[in-house]
Amino acid sequence: MKKEIVINYTPREVRIAILEDGELVELLIEREDSRRIVGDIYLGRISAIIPGIQAAFVDIGQEKAAFLHVSDVATGSIDPDLLEDEDRFINNRRRKEFPPIENLLKKGQEILVQVRKEAIGTKGPRITSQLSLPGRYAVLMPNLDHVGVSKKIDNRRERRRLRDIVRKYRPDGSAIIVRTAGSGVNADQLRDDIKYLEKLWNEIKVKYERAVPPVLIHADVEITIFALRDLFTEDVNQIIIDNKDEHERLRDYLKSFASHLVSRVKLYREKSPIFDHFNIESGIEKTLERKIWLRKGGYIVIEHTEALVSIDVNTGRFIGKKDQEQTILEANLIAAREISRQLRLRDIGGIIVIDFIDMEKEENRRKVYNAFRSAMRKDRARARISMISELGLIELSRKRVRPSLLHYYSDECPYCNGSGKVLSLESMAMKIEHWIRRIGSMKKERWIQFRVNPLMGIYLREEREENIQELADLNRLQVEIVDDPRMHREEFEITSRDGSRNLKAEFE
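Not measured: the values here are computed from a predicted model.

Q: I would appreciate a short explanation of the overall build of the protein in the present structure.
A: Assigned secondary structure in the protein consists of 15 helices and 24 strands. Each principal axis of the C-alpha atoms in the protein carries an extent, and together these give about 95 × 70 × 55 Å. Residue burial in the protein is summarised as follows: out of 508 residues, 47% are buried. Restricting the contact set of the protein to residue pairs at least 6 apart, pairs at least 24 apart contribute 68%. In the form shown here, the protein has an accessible surface area of approximately 27,400 Å², with 46% of it arising from carbon and sulfur atoms. The distance from the centre of the 90 positive side-chain charges to the centre of the 85 negative ones in the protein is 5 Å.

Right, here's the structure in full:
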């Protein structure tokens, strides 16, 4: 598989696209006014302790207070995301009973924390006091005692070699976890990475001792360096970027720890925009669509709700060549692969429910489940996937670190407030007719004016004029409809003839 990282760099926005065999599978964006803060370390001050949910809220200087759960308070346990992920570590953490948070923290207390998740919707950032400093080949975790190797390095001899190197160079009082990128590196490379992380932690400690909360102590690397550190692995064929200065900076950064990869960082020199050249721009546009067409005519529909994301699979125009069960199986298999790509591309996290087309045979359900699990192995985000049910449903949770691309690219609709629906014109007309009856029954006004959205005005004059006139005559009223482009489609105002009185407010 050919894997490429394409970077579109401008002063106001940096976009990083990951392509697999020319197909867009992942997109990262950082704008000037919305820098990513995951990995940043803050000295915060606890603003509230909530025993009912065993959590604290911490002021770190952001717009919203950060959320700190008792399981993320440093208690000598280790974050399983950064471990070799052996079952005994995960199970011990799940079974562990934490002391009450009110016994660990106090309101007003200063605390050093690191951001694990960006603020999403109404929720502030999620933080942890279990700090971790990632390098190219290793992760340093202060105040812990452990040596680990990424579970993705499955060669026993290699794991043993890496552990021996880490034990030799591990700083006292810190855990070291070898990352997947550390596979095959020599002792000097790993030693230099650990020494760099040790120096970085000492610098953070000095800043921490002098700081007054809330304040940023350490900002994680910017997004282009992040791409080199975390995304640029041996299986990436090339990184291509369209900014000359940034191209040189990336090459210089690589020379310090992976000089053999420098030749893979290339400068884009064509006249056409880089994302157009690689057909990425059109792929980004499609990430905002609910409906995604599949090969052979099927399609999937992605719906975001407050609690979860639902994905529905349909055969569409795909009628197949054999029996119905085989047609459904083929459609589901195509959908399973596309859904895994869309989850990565759109960065959809949280709880996800996929409604595959019903299959009668257990064997076929198992094939679809295995195809989906296999496709999800390419995903960098951790996901937990349930077995497919008799109804054709797969439930999964995917780790969410930042808002999805949909939320990043769009604002909530001011008309429907995110529901995707507005009152029909007929329903709005009925509301206006109800108001005519209400005002007419009070016998105080003989002339009223409705100020409405122009679209509503056209509908009232062309479709409901007779009804309104009949109601007006019945209630001995003069009714005037006035178009007002400032009006929301679901809004209208009712005023007296001279406009001095808001009749709607008075009657409400």
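Q: Could you clarify how one ought to interpret the packing of helix 5 (residues 223–231) against helix 6 (residues 244–255) in this entry?
A: Between helix 5 and helix 6, the least distance of the axes is 11 Å, while the angle of their chain directions is 40°. Viewed along their axes, helix 5 and helix 6 form a crossing whose handedness is right-handed. Along its contact with helix 5, which presents Thr-224, Ile-225, Leu-228 and Arg-229, the element helix 6 presents Glu-246, Arg-249, Leu-250, Tyr-253 and Leu-254. The residue makeup of the contact of helix 5 with helix 6, split by class, is five nonpolar, one polar and three charged.

Q: Please clarify how the pairing of strand 21 (residues 393–398) should be interpreted in this entry.
A: Regular strands place their side chains on alternate faces of the sheet. What you see with strand 21 is a clean split: Ile-394, Leu-396 and Arg-398 sit on the buried side and Leu-393, Glu-395 and Ser-397 on the side with no burial. Direction of pairing for strand 19 (residues 350–355) relative to strand 21: antiparallel, over a ladder of six bridges. Across the sheet, the residue bridging to Gly-350 is Arg-398, located in strand 21. In terms of strand pairing, strand 20 (residues 383–385) meets strand 21 through three bridges, oriented antiparallel. Each bridged residue has a counterpart across the sheet, and for Arg-384 the counterpart in strand 21 is Ser-397.

Q: Please explain the packing of aromatic side chains as it appears in this structure.
A: The description of an aromatic ring pair rests on the distance of the ring centres and on the angle between the ring planes. One pass over the structure, following the stated rule, counts three aromatic pairs. Above the plane of the ring of Tyr-299 lies Lys-291, whose end atom (NZ or CZ) is 4.3 Å from the centre. Its guanidinium or amino end placed over the ring of Phe-492, Lys-504 lies 4.0 Å from that ring's centre, counting from NZ or CZ.

Q: So what exactly am I meant to see when it comes to the side chain of Arg-229 here?
A: Residue placement: Arg-229 occurs in helix 5. Residue Arg-229 is classed as buried on the basis of its relative accessible area, which comes to 5%. A distance of 3.0 Å separates a polar atom in the side chain of Arg-229 from a polar atom in the side chain of Asp-220.

Q: So what exactly am I meant to see when it comes to helix 12 (residues 425–442) here?
A: Think of an α-helix as 3.6 residues a turn; residues three or four steps apart then line up on the same face. Between its terminal C-alpha atoms helix 12 stretches 26 Å, which fits the 26 Å expected from 18 residues at 1.5 Å a residue. Every buried residue belonging to helix 12 is among Leu-425, Met-428, Ala-429, Ile-432, Glu-433, Trp-435, Ile-436, Ile-439 and Gly-440, and all of these are buried. Along the long axis of helix 12, the arc covered by the buried residues comes to 155°, so they all point the same way.

Q: Help me out: how do you make sense of the sheet that holds strand 1 (residues 3–9) in this one?
A: Hydrogen bonds between backbone groups are what pair the strands of a sheet, and the pairing can be parallel or antiparallel. Strands sit in the order 3-2-1-14-15 across an open sheet of five strands; the sheet is mixed. Edge positions in the sheet fall to strand 3 (23–31) and strand 15 (265–267), since each has one partner strand and no second. Adjacent strand axes in the sheet meet at a mean angle of 20° when their direction is disregarded. Across seven bridges, the pairing between strand 1 and strand 2 (residues 13–20) is antiparallel. The residue of strand 2 that forms the bridge with Ile-7 is Ile-16. The strands that helix 5 touches are strand 1, strand 2, strand 3 and strand 14 (238–241); relative to strand 2, the one it contacts most, it runs at about 25°. Contacts from helix 9 (residues 324–346) reach strand 2 and strand 3 within the one sheet, and its direction differs from that of strand 3 by about 15°.

Q: So what exactly am I meant to see when it comes to the pattern of salt bridges here?
A: Taken as a whole and judged by the stated rule, the model has 38 salt bridges. In this structure, Asp-145 engages Arg-170 in a salt bridge whose closest nitrogen and oxygen atoms are separated by 3.0 Å. Here Arg-170 lies in the loop between helix 3 (156–169) and strand 12 (174–178) and Asp-145 lies in the loop between strand 10 (138–142) and strand 11 (147–149), a separation of 25 residues in the sequence. With relative accessibility at 62%, the residue Asp-145 sits in the exposed group. For Arg-170, a relative accessible area of 24% puts it in the partly exposed group. Residue Glu-303 pairs with Arg-290 through a salt bridge whose shortest N-O separation is 2.4 Å. One end of the pair, Glu-303, is in strand 17 (residues 299–304); the other, Arg-290, is in the loop between helix 8 (280–286) and strand 16 (291–293), and 13 residues separate them in sequence. Since its relative accessible area comes to 30%, Glu-303 is described here as partly exposed. Where salt bridges share partners, they join Arg-36, Arg-179, Asp-220, Arg-229 and Asp-230 into one cluster.

Q: Explain the side chain of Ser-404 here, please?
A: Following the sequence through the fold, Ser-404 ends up in the loop between strand 21 and helix 11 (405–409). The residues touching Ser-404, leaving out its near neighbours within four places in the chain, are His-304, Arg-346, Asp-347 and Ile-348.

Q: Explain the confidence of the model for the protein to me, please; I cannot follow it from the model alone.
A: Keep in mind that low pLDDT regions are not for reading the predicted coordinates in detail. Of the residues in the protein, 94% reach a pLDDT of 70 or more, and the chain-wide mean stands at 88. Taken as a whole, residues 80–95 scores under 50 in pLDDT and shows 37 contacts with residues more than four places along the chain or in a different chain.

Q: I keep staring at the environment of Lys-2 and nothing clicks. Help me out?
A: Within the secondary structure, Lys-2 is located in the segment before strand 1. Separated by 362 residues in sequence, Lys-2 and Asn-364 have C-alpha atoms that sit 30 Å apart.

Q: What is the right way to look at the nonpolar core in this model?
A: Burial of nonpolar side chains together is a common tendency in soluble globular proteins. The biggest cluster of nonpolar side chains holds 49 residues, and the ones touching the most others in it are Ile-5, Ile-7, Ile-16, Leu-133, Leu-190, Phe-232 and Leu-254. Of all hydrophobic cores here, the second largest spans 29 residues; its members include Ile-292, Leu-294, Val-313 and Ile-394.

Q: Would you mind going over the pairing of strand 24 (residues 492–496) with me for this structure?
A: Counting buried positions along strand 24 gives four out of five residues, so the element sits mostly inside the fold. Of the strand pairs in this sheet, strand 22 (residues 447–452) and strand 24 are connected by five bridges, and their pairing is antiparallel. Bridge pairing links Arg-451 to Glu-493 in strand 24.

Calculation notes
- Residues numbered from 1 in each chain as written.
- Predicted model: local features only at pLDDT ≥ 70, side-chain atom pairs only at ≥ 80, totals over all residues.
- Heavy atoms only, no water.
- Helix = DSSP H or I, 4+ residues; strand = E, 2+ residues; numbered from the N terminus.
- Buried < 20%, exposed > 50% of the residue type's maximum accessible area, 1.4 Å probe, protein only.
- Contact = heavy atoms within 4.5 Å.
- Areas by Shrake-Rupley, 256 points an atom, 1.4 Å probe, with all protein chains shown as cover.
- Lys, Arg positive; Asp, Glu negative; His and termini not counted.
- Charge placed at Lys NZ, Arg CZ, Asp CG, Glu CD.
- Axes fitted to C-alpha atoms, helices over the stretch in contact; angles between N-to-C directions.
- Left-handed = near helix turned anticlockwise from the far one by under 90°.
- Nonpolar A, V, L, I, M, F, W, Y, C, P; charged D, E, K, R; others polar.
- Pairing = 2+ DSSP bridges.
- Phe/Tyr/Trp six-rings, centres within 6.5 Å; stacked < 30°, edge-to-face > 60°.
- Lys NZ or Arg CZ within 6 Å of the ring centre and 35° of its normal.
- Polar contact = N/O pair within 3.5 Å; in protein donor to acceptor, adjacent residues only side chain to side chain.
- Expected span 1.5 Å × (residues − 1).
- Arc of directions from axis to C-beta.
- Salt bridge = Lys/Arg side-chain N within 4 Å of Asp/Glu carboxyl O.
- pLDDT = per-residue confidence, 0-100.
- Core = buried A, V, L, I, M, F, W, Y, C linked by side-chain atoms within 4.5 Å.

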